[in-house]
Structure formats: structure tokens, C-alpha cells
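The primary structure of each chain is shown beneath.
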Amino acid sequence: MGLLDETVSVPRRTMTLFFLIDTSGSMEGNKIGAVNDAVVNVLPMLNDISETNPDAEIKVAALEFSNGVNWLYDEPKLAKDFIWQDVVASGLTSLGAACSELASKLSRSGGFMQSASGSFAPAIILLSDGGPTDDYNSGLAKLKANNWFKSAIKIAIAIGDDADKDVLKEFTGSSEAVITVHNIDALKQIIRVVAVTSSQIGSKSSTAGEITKQEQVVKDIQDATQNIDGAETSDSTSTIDSSQYIDDWG
Amino acid sequence: MELKKGARVNLTFGNQATVIKELGRGGQGIVYLVDLDGQRMALKWYITPPDEKFYKNLERNIRQGAPSDAFIWPEYLTQKENGSFGYIMKLRPSDYFEFGNYLLARKNFKSFNAMLAAAMKICNGFMMLHRFGYSYQDLNDGNFFIRPTDGDVLICDNDNVMPQGEKSGIMGKARYMAPEIVAGGIPDKYSDRFSLSVILFMLFFANHPFEGAKVVACPCMTETFEKRFYGSEAIFIYSPSDKSNLPVRGVHQNVIKRWPLFPSTLKKTFIDQFSEEKLWHPNTRMIEQEWERIISKVRDELVVCPHCHEETFVDIEDNKFKCINCGDDIDVTKQLKLNNRSLILTAGTKLYINHDNTPDAEVDFFPSDKNLLVIRNLTQSCWHIDTPSGKVKVVNPNEFLPILNGLKISFGSSIKEAAGTKGEVIA
């Protein structure tokens, strides 16, 4: 049947998944190895989600930051075309510079958001095990003024207890969107869960009703986190301040 | 909690199902292939268990049974164990493909006939669902599985089906929901009817009814914009009164190509169903039976071209009778009149007298004379024919009658749910 064979795919928007990866010296060894391993393994899953999704295709962009910042590719790539080059850890934590760099690419003109049939808001995953060593505030301020960033799904993964969770909370806009991992296995699992969940939800038409995509992603990740040993959402880490407890009895 | 291979889950009626492997996962849960008493079935297992109300609703739906054979309906419920629960349903046969595959042009209908059959089956499924007092709620392109060869449809994800007026908590995708639901309302049969129109439009035209110039111009489809484009500011791409959202050449190619090919009956219905009045007055939306009647009318206008032998639509309302493939004129003088319907008789055309997807008759050539057209009885029962000269003839199953002016057919009991139908041949 000629006419029906001429059918073309519906136009799809693009949803870009950004990985912002801390590659400072403290990430060296197991941590960076786990990140490399987890991202390589999640790419085919993202490809599956993209290829069967009539709403949007998923592209991936990755920015590593240490002494400076570096995009792994100079444009977002389809997951199947994204050949992951292992990132190497050394140097400082230029999170401020990473924020500025991301802000400059979250734009249509000259940036990464040039898709002809438009985009969905991006999903941004920030991974860090420390605190910024540069002027973080001005970079973040610039990013927070960006409209793409404002509507983005934002999740941060804090690797270990040295990660500056206040900074990560500021980045994502809420403590619920910051997941802490305490071991290598949890790190790998969380990267998978966060990347898959934010891609699934971010690349689909939103659900009708009250709940936002960000809220939905956070809820799903929190649910999944309960089953992963060594991973927790920031909320569950809040403990009762013992000094106040003692004061009460004093 | 996820289940491992070999895990056994206890069903509420006492049996156990054994997990064989994972078949897929979605937002809510994982689907496993399971063995249940030697039979292969599917188990949908919730990663995090929905609330008690959801469980009770599933239990009730299982007790009530499926509204029609179009539904892959929950059949058995598991006990609450391993921190969650699930339900057992039939496996989806491998020759059915998710509707999304058709939108992505990875699968195509084999024929317009199959496409119309799919539309009919979806309408019928929704009609039966509403007749049972349910509403579907979570409607989107992932819920329908269609067989490309004949358009048979299976409707899945029926765990969110709820009695009218109740809210499952699982909401459909904004792109498929009625404006009042996008704005936060509770889905009901009226909003289901809107979603049905969206699904049917996408089935026929392979583009979205509200995605035209206005929507393409939006660089970032945030949730706020979705609420506008599919809700408060939704404009049908072929709205006669507002041309601001027309389909865009090079982007919405399917609808631009197909819209002119379909009969006016169908186009007028969509224009009406996506008009401002229907958008904002849910109870004025067309009921499923009416959709069935429209699709049946479109099917009456689907004929095989005598010149190129491809399927083509004629447009009785608009008096357009040129083949959509070869452009030659179609002879429409030979017709079967059924009440107010006119079925065009060209060789190879299948005739559907009732609204199911089984053809009741087919136009064919007399075996030894290619100049004589006949109507073959594809039903299981005989027809009685009154000739103009007063003779009565019997046409048994698989036999035929010639296409001669004035022959009156009594279909007797041969047509399911339309016993006593009568027709007359005009030639």
C-alpha cells in the first residue's frame, strides 16, 4: 500500500540530559571508575527510552569540571552516538565555572538547545564529592537566571559525606532533589536510577494534574532509593539535634 | 521491591505464579513473564505499591471482568507480599505493536481497511468500558497495541480503570487529555471521549490535532506551555475560524498529505469535535456509538480502485470520485443501498454491514465473466433475494448474487446485532 508506506515519524521534541561531573582530584580511584562504568551502562537504556518514545528523542551532553571545564562532545548527542570516553580525576572543583558554562549552552542561539522541532525542558544531573573551590555564587546566579535551567529537572548526587550538600541543594532548589550515596555500588545504581527516571519523565508529555515533572522525578527516585543500600535522600539524613535535646532536659 | 527469576508470588485465590523473566518496565511497575499452572501469563508488579483504594479497585475490576475482548484485563490479584503487589493478565501476542510505533513510522498499517478496523475497535472498547460504568483515565499512546495486518486492537494498562467520578491518582499525558483535565479536573467518560477523538485523529493522520505552527514555534515545551497548548489555548490545526495553528510543511508531513485524502464526513467530524464548543463543553462531545457510525460511513467510502486496484476513498458528500492513487475516475453507479447508506460496489471492495470488523460481503467477478460483478456472501447464514420480476432466490454462505438493478437482499439472521437488515442493489 503506497500511501501508508510513505508515512514519516511524527515530529519529536528533544530532551537533553546533562551530566555535570565533578572530576576533581578527590574523585580519583573508585569513585570516578564507578561514574564511568555507570554512565556507559545507562546510555543503552536511554537509547531504548528515546527510540520508543513518540513525544521526544533523548540527547546526552556531559560536562566535566575540575581545574577547568570540558564538554565531552561539543553538542548533545543521541545516546546511541554518545561514545563515552572515561573521564579522569585530578585538580580542583570549579563548580562555579561549570555553572557559567552550562548557562551559556542552555540557549537556542549558539547553545545546545537548537532542535528544529523544539525541546522539552532539559534534565540536569550534578555529581560531586566535595565543595566548590571557585567563585560558585556568581556562576550559579547566572545559571539560576536562565529560563531553561528554571524549568529543568534538576537532581544532584552527593558522593560521600564530604560533598557540600548545601551547595547541591542550592543548585537543585530543594533538599529532596539531593541524593547521598555512601558506597560505590550505591553510586552506580543511583546514577542509573536518576538518569533513567529523569529521562523517562522529562522526555514525555507531562501528566495532567497538579504534580510537576520535578516532583514526580524526585518522588520516583526517593522510592527507588529506599531499596538501595548506602543511598539516601537528604531528608532522611536529618537527625534530631542532640544538643537541643539535652537543652530540653537541662 | 523487584522480583527475581524463580520468585513465587501468591495469588489471592490460592495459586502461585513463578517469575520466568522480566518483559519490560514502566513508570509504575515491572511486567514479568510468569508461569501459572503451566500457562504463560504476564504479571504486572508495582515497584512501590499504590494505596489500599487502588488494590480494592483492582480487586473489583477483576471480579467484574473485562468489558470486551479488546482489553487485556487484570485476571488475578497477588497477595500483598515482598513489600508490594501485582496482578496477572494475559500475554500480549507478539504481532501487536504499541501505537507509538505507528507514530514513529516503525510500523505501518497494511491498509486503510486495517486502519479503520483499529478505529472501530477502539471506539467499541471505549463504548463497552463506559457501558460498564468505568472511565479509563490514564490514556496515551502506550496503552494501545495494534496488529498492522488487520487493525485488531488490544487495550492495556487497565489497572487505572476506575468507576466514573473516582480518581485513580494516575493521570494521563497532557497531550491526550481533555482541556478540563489538563487544567486539573477529574477524568470521566466525557474526558475519555475527548481523548478518544485525539487518539482517532492520530491514528488516521499520524500527527497531533493541536500541534501546528503555534506549538512548533515554542522552543521549550515546559509544563506551563503544555497546559496552554493542550488546555486553555488549544486550537485545532484545521480550525476553520482560527488559522494560527495550521500544520507546518516539512514538520507535520503526514497530516498535510493525508487530510485531503479522507472523506468529508470524517474531516467535518474532527472539525466539530475539536471546535471551541466541544473543547469547553464536555457533555456536548460525541458519544462512541456516533463515532462508530461515522467510521462505518468512512468505511462505506473505502473502495478498491477498478483501475489501479489500490484502496481509495470516494467522497459521496463532496461528489469526489477520483482515485487517491492513480487519479482516475471511480464508477460509483453500482451501489448497495442500506437504509440511508450507499455502499459503492467495485471489484475487490469488502462490505461491512454492521459495526464489527468482519466483512459481511465482498464484490467479485463472476468466475467466467470479468464483465459481470457479483456480491459474495461472506456470512455464515443464507440471504434471500427478491428479483424485480417477483422471484425469490437464496444465496448461501460463500455463494453470490449478480449486481443487477433492483435486486432486494434480506440478510435475515446473517448479520450479528443487525438481524433483519435489508438492502437493494442499484446498478
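The rules behind the values
In every chain, residue numbers begin from 1 and rise along the written sequence. Chain letters and ligand numbers both follow the written order, the letters beginning at A and the numbers at 1. In keeping with the model being predicted, local features are shown solely for residues with a pLDDT of at least 70 and side-chain atom pairs are shown and tallied solely at 80 or more, while totals for entire chains, interfaces and linings include all residues. Helix numbering and strand numbering both begin at the N terminus, where a helix is a DSSP run of H or I of at least 4 residues and a strand a DSSP run of E of at least 2. The exposure label follows from counting other C-beta atoms within 10 Å of a residue's C-beta, where the C-beta atoms are placed from the backbone and the thresholds are 20 or more for buried and 12 or fewer for exposed, leaving partly exposed in between. Contact definition: two residues whose C-beta atoms, as placed from backbone geometry, lie within 7 Å. Paired strands, as defined in this entry, are two strands with at least two bridges between them according to DSSP. Nonpolar core, as used here: buried Ala, Val, Leu, Ile, Met, Phe, Trp, Tyr and Cys residues forming one set through C-beta atoms within 7 Å. Fitted lines through C-alpha atoms give the axes, limited to the stretch in contact for helices. The angle between two N-to-C directions lies from 0 to 180 degrees. Orientation is classified from the angle alone, with under 35 degrees giving roughly parallel, over 145 giving roughly antiparallel, 65 to 115 giving roughly perpendicular, and any other angle giving oblique. Left-handed is the label given to a crossing in which the near helix is rotated counterclockwise from the far helix by less than a right angle, and right-handed is the label when the rotation is clockwise. Polar here means any residue outside two lists: the nonpolar Ala, Val, Leu, Ile, Met, Phe, Trp, Tyr, Cys and Pro, and the charged Asp, Glu, Lys and Arg; Gly therefore counts as polar. Reported domain spans reflect what an automatic or database domain assignment gives. Given the number of residues in a helix, its expected span is that number minus one, multiplied by 1.5 Å. What pLDDT expresses is the predictor's confidence in each residue, scored from 0 to 100.

Novice: How do you make sense of the overall build of chain A when you look at a structure like this?
Specialist: Scanning chain A from terminus to terminus reveals 10 helices and nine strands. Summarising its shape, the C-alpha atoms of chain A cover approximately 85 × 40 × 35 Å along the three principal directions. Counting over 250 residues, chain A shows a buried share of 54%. Counted over contacts in chain A with a minimum sequence separation of 6, partners at least 24 positions apart contribute 79%.

Novice: It is not clear to me how the overall build of chain B should be interpreted in this structure. Could you clarify?
Specialist: Broken down by element type, chain B carries 11 helices and 24 strands. Each principal axis of the C-alpha atoms in chain B carries an extent, and together these give about 75 × 55 × 35 Å. Counting all 427 residues of chain B, 44% fall into the buried class. Contacts in chain B between residues at least 24 apart in sequence constitute 58% of all its contacts with a sequence separation of at least 6.

Novice: Explain the pairing of strand β6 (residues 86–89) of chain B to me, please; I cannot follow it from the model alone.
Specialist: Two faces make up the sheet, and in a regular strand the side chains alternate between them. Residue and element names in this part refer to chain B. On β6, burial covers both faces: G86 and I88 on one face and Y87 and M89 on the other are all buried. Two elements, strand β4 (residues 39–46) and β6, share four bridges in a ladder whose sense is antiparallel. Residue W45 lies in a different strand from β6, and its bridge partner there is G86.

Novice: Quick question: what am I supposed to make of the pairing of strand β16 (residues 341–344) of chain B here?
Specialist: Residues and elements named next belong to chain B. Two elements, strand β15 (residues 335–338) and β16, share four bridges in a ladder whose sense is antiparallel. Of the residues in β16, the one forming a bridge with L338 is R341. Between the antiparallel neighbours β15 and β16 lie two residues, among them N339 with a positive phi of about 50°.

Novice: I'm lost on the sheet that holds strand β22 (residues 400–402) of chain B in this one. Help?
Specialist: Remark on secondary structure: sheet strands pair via backbone hydrogen bonds, oriented parallel or antiparallel. Residue and element names in this part refer to chain B. Within the open sheet, the four strands sit side by side as β17-β18-β19-β22. Their pairing is antiparallel. Of all strands in the sheet, those with a lone pairing partner are β17 (350–351) and β22, marking the two edges. In this sheet, β22 lies alongside strand β19 (residues 369–377) in antiparallel orientation, the contact comprising three bridges. Bridging from a neighbouring strand, I375 pairs with L401 of β22.

Novice: Please explain the sheet that holds strand β2 (residues 16–25) of chain B as it appears in this structure.
Specialist: All names here are of chain B. Spatially, the six strands line up as an open sheet ordered β1-β2-β3-β4-β6-β5, and their pairing is antiparallel. Taken across any chain shown, the strands that pair with only one partner, and hence form the sheet edges, are β1 (8–10) and β5 (76–77). Sheet analysis places β5 next to β6, joined by two bridges and oriented antiparallel. If you follow L77 over to β6, its bridge partner there is Y87.

Novice: Is there a simple way to think about the nonpolar core in this case?
Specialist: If you look at soluble globular proteins, the nonpolar side chains tend to sit buried side by side. Counting residues in each nonpolar core, the largest one holds 191 residues, and the members touching the most others are L20, I125 and I157 of chain A. If near-sequence neighbours (up to four positions away) are discounted, L20 of chain A is found in contact with L63, F65, A98, L102, I124, I125, L126 and L127 of chain A.

Novice: Could you clarify how one ought to interpret the interface of chain A and chain B in this entry?
Specialist: Often, the extent of an interface is quoted as the loss of accessible area on bringing the components together. Listed as interface residues are 34 residues of chain A and, on the opposing side, 40 residues of chain B. Secondary-structure elements contributing two or more residues to the side of chain A that touches chain B are α1 (2–5), β5 (119–120), α5 (147–151) and α8 (213–225) of chain A. Here the side of chain A that touches chain B takes four residues from α1 of chain A, the largest share from any one element. The sheet contact formed by β5 of chain A and strand β12 (residues 220–221) of chain B spans two bridges and is parallel. Bridge pairing in β12 of chain B places F120 of chain A opposite M221 of chain B.

Novice: Which parts of the structure should I look at to understand the packing of helix α3 (residues 112–131) of chain B against helix α11 (residues 288–300) of chain B?
Specialist: In helix packing, the relevant descriptors are the interaxial angle and the interaxial distance, both defined with respect to the helix axes. Residues and elements named next belong to chain B. α11 packs onto α3 with a crossing angle of 165° between their chain directions and a minimal axis gap of 9 Å. In terms of their interaxial angle, α3 and α11 are classed as roughly antiparallel. As for how α3 packs across α11, the hand of that crossing is left-handed. On α11, the residues that touch L116, A119, M120, C123, N124, F126, M127 and H130 of α3 are E288, Q289, W291, E292, I295, V298 and R299. Here the residues of the contact of α3 with α11 are counted per class, giving nine nonpolar, three polar and three charged.

Novice: What exactly am I supposed to notice about the environment of A347 of chain B here?
Specialist: Residue and element names in this part refer to chain B. Position of A347 relative to the elements: it lies in the loop between β16 and β17. In this structure, the C-alpha to C-alpha distance between A347 and D364, residues 17 residues apart in sequence, is 5.1 Å. A347 has contacts with V304, P306, V363, D364, F365 and L373, leaving out every residue within four places of it along the chain.

Novice: What am I meant to see in unusual backbone geometry here?
Specialist: It is generally the case that most residues other than glycine have a negative phi and that most peptide bonds are trans. Although it is not a glycine, N339 of chain B adopts a positive phi angle of roughly 50°. For N339 of chain B, the position within the fold is in the loop between β15 and β16.

Novice: Sorry if this is basic, but what is going on with helix α7 (residues 223–232) of chain B here?
Specialist: Quick reminder: α-helices carry 3.6 residues per turn. Residues three or four places apart thus point the same way. Within the sequence span of α7 of chain B, burial applies to F225, E226, F229, Y230 and G231 of chain B. Packing partners of the buried residues in α7 of chain B comprise α4 (179–182), α6 (213–216) and β12 of chain B.

Novice: Would you mind showing me how to read the domain arrangement of chain B here?
Specialist: Taken as a whole, chain B is organised into domain 1 (8–89), domain 2 (97–291) and domain 3 (333–426). Computed over C-alpha atoms only, the centres of domain 2 of chain B and domain 3 of chain B are separated by 35 Å.

Novice: It is not clear to me how the environment of G185 of chain B should be interpreted in this structure. Could you clarify?
Specialist: All names here are of chain B. Secondary-structure assignment places G185 in the loop between α4 and α5 (189–205). Overall, the presence of 17 C-beta atoms within 10 Å leaves G185 in the partly exposed class. Through-space distance from the C-alpha of G185 to that of K268 is 28 Å; in sequence the pair is 83 residues apart.

Novice: Help me out: how do you make sense of the packing of helix α9 (residues 264–273) of chain B against α11 of chain B in this one?
Specialist: Residues and elements named next belong to chain B. Closest axis-to-axis distance for the α9/α11 pair is 9 Å, and the angle between their directions is 150°. The orientation of α9 with respect to α11, classified from their angle, is roughly antiparallel. Residues T265, L266 and T269 of α9 form the contact with α11, whose own contacting residues are I294, K297 and V298. A per-class count over the contact of α9 with α11 returns three nonpolar, two polar and one charged.

Novice: Help me out: how do you make sense of α11 of chain B in this one?
Specialist: Residues and elements named next belong to chain B. Taking 1.5 Å per residue as the helical rise, α11 with its 13 residues ought to reach 18 Å, and the 18 Å between its terminal C-alpha atoms agrees with that figure. Considered for burial, the residues of α11 that qualify are E288, W291, I294, I295, V298, R299 and D300. Next to the buried residues of α11 lie α3, α5, α9, β13 (302–304) and β16.

Novice: Before we go on, may I ask you to explain the confidence of the model for chain B in this structure?
Specialist: Low-confidence regions, as indicated by low pLDDT, have predicted coordinates that should not be scrutinised in detail. Averaged over every residue, the pLDDT of chain B is 93; residues scoring 70 or more account for 99%. Predicted complex metrics record ipTM = 0.86 and pTM = 0.91.

Novice: Sorry if this is basic, but what is going on with the environment of F82 of chain A here?
Specialist: All names here are of chain A. Among the structural elements, F82 can be located in the loop between β4 (77–78) and α3 (95–105). Counting along the chain gives 80 residues from F82 to G2, while the straight-line C-alpha distance between them is 36 Å. In this structure, F82 is in contact with L43, V60 and K77, ignoring residues within four places of it in sequence.

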